[in-house]
Amino acid sequence: YIPNSYNFFWNTSAEKFNERMFEEYTKFWQINNRVEKANKIGLSKKEVMILASIVYEESKQNIELSRIAGVYMNRLNDNWKLGADPTVKFAAYQLDQYKNTVIRRVLNKHLKIDSPYNTYKYYGLPPGIISMPSIQAVDAVLNYEKHNYYFFAANPSNPGYHSFAKSLAEHKRNARKFHKYLNSKGIKK
């Protein structure tokens, strides 16, 4: 499905709803050369949607989406693990012990969860989407920013945004700042 506003009559059958959604999905991929862009970056439509769902969960700031997508494309292209916190949270939420909880801080115990959605444990993309990505997130993947960033961490001095890094040392400095901020707010889990 593509998130958008659609008009339906109240008595639309499930079959007609699914047909319409498939038509809209097909139209979406034909607009703006999206299929060609996916092919050019070496991803299938499904893979674009999976990566877009991760990018979407990383940030709701549209201005950052293509940069975040670029980080993940750099990792994929260089055969790194994605190491995406939203996938770990998704994996955790599938477990009974995390039902009806909110994970505000990804901890080492979460990184050990054995799930194909745990991108700290397994290479490549997870098997499916972790959320319904926005159209902006899909387009951000298709038009990802080309750069040399491999890391990013939430920016405590600019909430909702991220600090990007090219090296692990730089990333660790950024991550320490964010962890210090979380600690100061009493956010332990």
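This text follows the structure it describes.
Residues numbered from 1 in each chain as written. Predicted model: local features only at pLDDT ≥ 70, side-chain atom pairs only at ≥ 80, totals over all residues. Heavy atoms only, no water.

Q: Please set out the overall build of the chain residue by residue, giving values where relevant.
A: A tally of regular secondary structure across the chain gives eight helices and two strands. Computed over its C-alpha atoms, the radius of gyration of the chain comes to 18 Å, within 12% of the 16 Å expected for a compact globule of 189 residues. Principal axes of the C-alpha set define a box for the chain whose edges measure 50 × 40 × 30 Å. Relative to its full complement of 189 residues, the chain shows a buried share of 40%. Looking at the chain as shown, the accessible area adds up to about 11300 Å², and 50% of this sits on carbon and sulfur atoms. Positive and negative charge centroids in the chain, built from 29 and 16 side chains respectively, lie 11 Å apart. (Helix = DSSP H or I, 4+ residues; strand = E, 2+ residues; numbered from the N terminus. Rg over C-alpha atoms; globule rule 2.2 N^0.38 Å. Buried < 20%, exposed > 50% of the residue type's maximum accessible area, 1.4 Å probe, protein only. Areas by Shrake-Rupley, 256 points an atom, 1.4 Å probe, with all protein chains shown as cover. Lys, Arg positive; Asp, Glu negative; His and termini not counted. Charge placed at Lys NZ, Arg CZ, Asp CG, Glu CD.)

Q: Account for the packing of helix H2 (residues 34-41) against helix H7 (residues 135-142), with residues named and values stated.
A: When two helices pack together, their arrangement is captured by the angle between the axes and the distance separating the axes. Put simply, H2 and H7 touch, their axes get as near as 9 Å, and they point 45° apart. Judged on the interaxial angle alone, H7 and H2 are oblique. Contacts between H2 and H7 involve Arg34, Lys37, Ala38 and Ile41 from the former and Ile135, Asp139, Val141 and Leu142 from the latter. The residue inventory of the contact of H2 with H7, partitioned by class, reads five nonpolar, no polar and three charged. (Axes fitted to C-alpha atoms, helices over the stretch in contact; angles between N-to-C directions. Parallel < 35°, antiparallel > 145°, perpendicular 65-115°, else oblique. Contact = heavy atoms within 4.5 Å. Nonpolar A, V, L, I, M, F, W, Y, C, P; charged D, E, K, R; others polar.)

Q: Before we move on, could you go through the packing of aromatic side chains and cite the residues and values that matter?
A: Evaluated as defined, the whole model comprises eleven aromatic pairs. Consider the rings of Phe28 and Trp29, whose centres lie 5.6 Å apart with planes at 90°: the pair is edge-to-face. The buried category is assigned to Phe28, whose relative accessible area is 6%. For Trp29, a relative accessible area of 1% puts it in the buried group. Every member of this aromatic cluster is reached through a ring pair, and the members are Tyr72, Tyr149, Phe152 and Phe164. When the ring centre of Tyr144 is taken as reference, the NZ or CZ atom of Lys146 above it lies at 4.3 Å. (Phe/Tyr/Trp six-rings, centres within 6.5 Å; stacked < 30°, edge-to-face > 60°. Lys NZ or Arg CZ within 6 Å of the ring centre and 35° of its normal.)

Q: Tell me about the pairing of strand E2 (residues 162-165), and please be specific about residues and values.
A: Of the two faces of E2, the one holding His162 and Phe164 and the one holding Ser163 and Ala165 are both buried throughout. Relative to E2, strand E1 (residues 151-154) runs antiparallel, the two being bridged by four bridges. Across the sheet, Phe151 pairs through a bridge with Ala165, a residue of E2. (Pairing = 2+ DSSP bridges.)

Q: How would you explain the nonpolar core if you had to name every residue and give the values?
A: The biggest cluster of nonpolar side chains holds 39 residues, and the ones touching the most others in it are Trp29, Val48, Val55, Tyr72, Val138 and Val141. Within the residue set of this core, elements represented by two or more residues are helix H1 (14-30), H2, helix H3 (45-58), helix H4 (62-77), helix H5 (85-93) and H7. Sequence-distant contacts of Val138, defined by excluding residues within four places in its chain, comprise Phe28, Trp29, Val48, Met49, Ala52 and Pro133. (Core = buried A, V, L, I, M, F, W, Y, C linked by side-chain atoms within 4.5 Å.)

Q: Explain H2 to me, and be specific about the residues and the numbers.
A: Buried within H2 we find Arg34, Ala38 and Ile41. The buried side chains of H2 occupy one side of the element, clustering within an arc of 75° when seen end-on. For H2, the exposed residues lying more than 90 degrees away from the buried face are Asn39 and Lys40. Tucked inside the fold, the buried residues of H2 contact H1, H3, H4 and H7. Trailing H2 by a residue or two, Gly42 shows a phi angle of about 80°, which is positive. (Arc of directions from axis to C-beta.)

Q: Before we move on, can you summarise the side chain of Glu64 with the specific residues and values?
A: Here Glu64 shows up in helix H4. Filtering out sequence-adjacent residues up to four positions away, Glu64 remains in contact with Ser59, Gly160, Tyr161, His162 and Phe164.

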